[in-house]
Amino acid sequence: MCRAPSCSVWEMTIDISAAPPLSEPRPRQHGMWLLSTKGELVASCVAGLLLLIGVVLQRVWDHPFMVVPVWASLTIGMLYGGRAAWAAISQRKVDIDVLMVVGASLAAYTGHPSEGALLLFLFVLSGSLEALAAERTRREVEALHALMPTTAVVFRNSEWILVDPQVLVAGDAVKIKPGERVPADAVVTKGQTQIDQSAMTGEAAPRDVAPGAEIYSGTINLDDPIEARVLRPAGESSLQRILNLVLSARETREPMQRAIDRVSQPYAIGVLVASAMVLLIWKLAIDRTWNDSAYVAVTFLVVCSPCALIIATPTATLAAIARSARFGVLFKGGDAVDRLAGMAAVCFDKTGTLTVGRPTLESINPVAWSNRQELLAIGAALEGESTHPIAAAIRAGAEREGVKPMALLSVTHTTGRGMSGVMATPSGEVGVRLGSFKHVEEIVPACLRSRTQEELTAIQREGRIGVVVARAQAPGDPPDRAGEAAVLVLADVVRPGAVDLVRELHAIGVRPVRMLTGDNRSTAQRVAQSTGLDQFDAELLPEDKLRIVGEMKAEVASRPRRRGLLARLRPAPGVAVIGDGVNDAPALAASDVSIAIGSIGSAAALESADIVLMSDNLSTVPWAVRFARRARTVVTINLLIAVGVIALMSIATLVASMLGRPIPMAIGVLAHEGGTLLVVLNSLILLTAKGPSISLPARALAPPGN
């Protein structure tokens, strides 16, 4: 039912922590079913049936008794409408419920009980349908609750036992079998498997995990059993933070809705006053009977009631928030939806946003090395125990090519320079090294040193990382094996889909697409050229990023805007900043709308950004912008429907009455409630939206270096 802001079904909260477990049936309370949404829907249908029977019987048999079904229908409507109206009056408020009950009462008092019954029938029916729509939106959110694990297997007192995930603490060892949900945020300590986190991030492809990888509460183990160490209690898990964020977003009202809320009560009082004035003017000035004057006044009161206007914004906004959450896009309220819809330019961070955030082995430049597999095997062996991101990249590169680390006789580390080792060959022991040129220069043949340095210089000029691997000459080696050298080329590679991202943003009118980074200019230029960015700025300090964002906001604000009513309903253009949510806080705070990407495990992102994209799939960004704009279009259409029905029917009611052809109250009722139903149905379209296309494999969302 259309409520005032204080009792709107759209403001219902979900206390997940207090809800009984999903496996346990809720206790039934005697008599409460009639007050439920389904009970209200059934009651409205009964009222409608009684009204129909009464109207038909009065047409067939003109007898006073035939009006009983009509009064019964009116009574049912009064029970439900009156309950809401009394709740408003007890809080000293005049809202839409009060207007409807007053209108129906006056209609019955003036001898038109069927029109009053029709008003309350449609009013209660539309209210129950709105409540069902709200529950549909709420179920989208509660789907996150369904991800909550119900059991956990933890190692305590020298045995594995089954416990409630809520009792887990940081440091607990847990076991996750195939098909089970991860009970809490944890890091894998034993075993390898694939994790399905599609329900949280929207990514269809499962994620491969191994020891050292972070896994998240609510995701599903698909393959083999694994053991993990709990990182944080269940109440502080990523899933719980996401759920809390979505629930709080439902309570955040956008500027348009806040404005409507502020004027709703004065407007309702104004409608009552205007209706009273119509009654007096029609009686005293136009010289109509009290009955006719009251009939026009009640019709005017009904058509001017702001039911559709009150729900025009929250129905669409909450449907958008709920639906986007299912695809891993978390809006912190309707204001965030509105501001993203107005995104006209965007600034990206580089590391961890446009790039994967960690070095990857791109290629091998063999200065003089005949056996590629031997080279990779030596490199992987030398970096076998290192936790450095470069070491992890070299090991991962060898693993991709199916190369196992070579067994070395010894390995030593020189801080700041590289690794050294000794390998066994048929002709004796030979030294191998990996690291900077200065570190390996001693064992690189003199004839290869100049070429090796040239390779390194060219690689660094392109913004990449060069690591030298060298093998000394072994005793008894032939002249053509006087020693070997190669350069491993590493780079923080651009995410798959980054090129498509820029193209799609251009297609929806977002320009410029600009990158802001503190990295060196060569690296930034390589990323900008490979992705087709409009602009890039490198070697920036935090204050430089703030300055650039401020300049872009001023430029966007100065762009010419369309004039007219529809243009005013559109969100103001703004600048978005998209980062990893960890080290981009100043720039995110300075933007019109801040977006953190790939942040399923980042508490900083959930706290600092207006919008959190749980997946690192870059196609989510333009999808989120399109969806936000679609939501704003739905809101605009809703407002036009609501205002249009009120304006058209109120004018028509007065003019038609003056011309001696009064509009039947039933038509006014149908127009009023029909507009409300149109608004609800239009908003529910958002719940059918398809998610972003997922055509690329998901990568681990662990921090760089894990």
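As a reminder, the structure under discussion sits directly above these lines.
Criteria and cut-off values
- Residues numbered from 1 in each chain as written.
- Predicted model: local features only at pLDDT ≥ 70, side-chain atom pairs only at ≥ 80, totals over all residues.
- Heavy atoms only, no water.
- Patch = residues over 30% accessible without salt bridge, like charges linked within 9 Å, V, L, I, M, F, W, Y side chains within 5 Å.
- Areas by Shrake-Rupley, 256 points an atom, 1.4 Å probe, with all protein chains shown as cover.
- Salt bridge = Lys/Arg side-chain N within 4 Å of Asp/Glu carboxyl O.
- Helix = DSSP H or I, 4+ residues; strand = E, 2+ residues; numbered from the N terminus.
- Buried < 20%, exposed > 50% of the residue type's maximum accessible area, 1.4 Å probe, protein only.
- Pairing = 2+ DSSP bridges.
- Contact = heavy atoms within 4.5 Å.
- Polar contact = N/O pair within 3.5 Å; in protein donor to acceptor, adjacent residues only side chain to side chain.
- Phe/Tyr/Trp six-rings, centres within 6.5 Å; stacked < 30°, edge-to-face > 60°.

1. Observations regarding a nonpolar patch on the surface
A surface patch of nonpolar side chains, about 680 Å² in accessible area, is lined by Leu49, Leu52, Ile53, Val56, Leu57, Val60 and Trp61. Turning to its location among the elements, Leu57 is positioned in helix H1 (residues 37-60). Exposure remark for Leu57: the relative accessible area of 33% places this residue in the partly exposed category.

2. Considering the sheet that holds strand S9 (residues 226-230)
Judged by pairing direction, the sheet is antiparallel, and its six strands sit side by side in the order S2-S1-S3-S9-S4-S7 without closing on themselves. Since the sheet does not close on itself, it has two edges, and those belong to strand S2 (159-163) and strand S7 (214-215), each with one partner. The sheet contact formed by strand S4 (residues 186-190) and S7 spans two bridges and is antiparallel. Bridge pairing in S7 places Ala186 opposite Ile215.

3. A closer look at helix H17 (residues 521-531)
Regarding H17, the residues found buried are Thr523, Ala524, Arg526, Val527, Ala528 and Thr531. For H17, the secondary structure elements touched by its buried residues are helix H11 (350-354), strand S12 (360-368), strand S17 (484-491), helix H16 (498-507), strand S18 (513-516) and strand S19 (535-537). Trailing H17 by a residue or two, Gly532 shows a phi angle of about 80°, which is positive.

4. Looking at the pairing of S9
When strand S3 (residues 173-176) meets S9, the two strands line up antiparallel, connected through four bridges. Residue pairing for S9: Ile176 is matched across the bridge by Ile226. Pairing analysis gives four bridges linking S4 to S9, with the strands arranged antiparallel. Note on S9: the bridge partner recorded for Val187 is Arg229.

5. Digging into the environment of Thr688
Mapping Thr688 onto the fold places it in the segment after helix H23 (665-684). Residue Thr688 is classed as exposed on the basis of its relative accessible area, which comes to 53%. Sequence separation of Thr688 and Arg323 is 365 residues, and the distance between their C-alpha atoms is 8.1 Å. Ignoring anything within four residues of it in the chain, the contact list for Thr688 reads Arg323 and Arg630. In terms of polar contacts, Thr688 uses its side chain to reach the backbone carbonyl oxygen of Ile685, at 2.6 Å.

6. Remarks on the packing of aromatic side chains
In the structure shown here, the tally under the stated rule is three aromatic pairs. Relative to Phe627, the ring of Trp623 has its centre 5.1 Å away and its plane inclined at 5°; by these criteria the two rings are stacked. A residue pair is termed a helical-turn pair when its members lie 3 or 4 positions apart in one helix, as Trp623 and Phe627 do in helix H22 (residues 620-658) at four residues. Exposure remark for Phe627: the relative accessible area of 4% places this residue in the buried category.

Read these as spatial facts, not as claims about activity.
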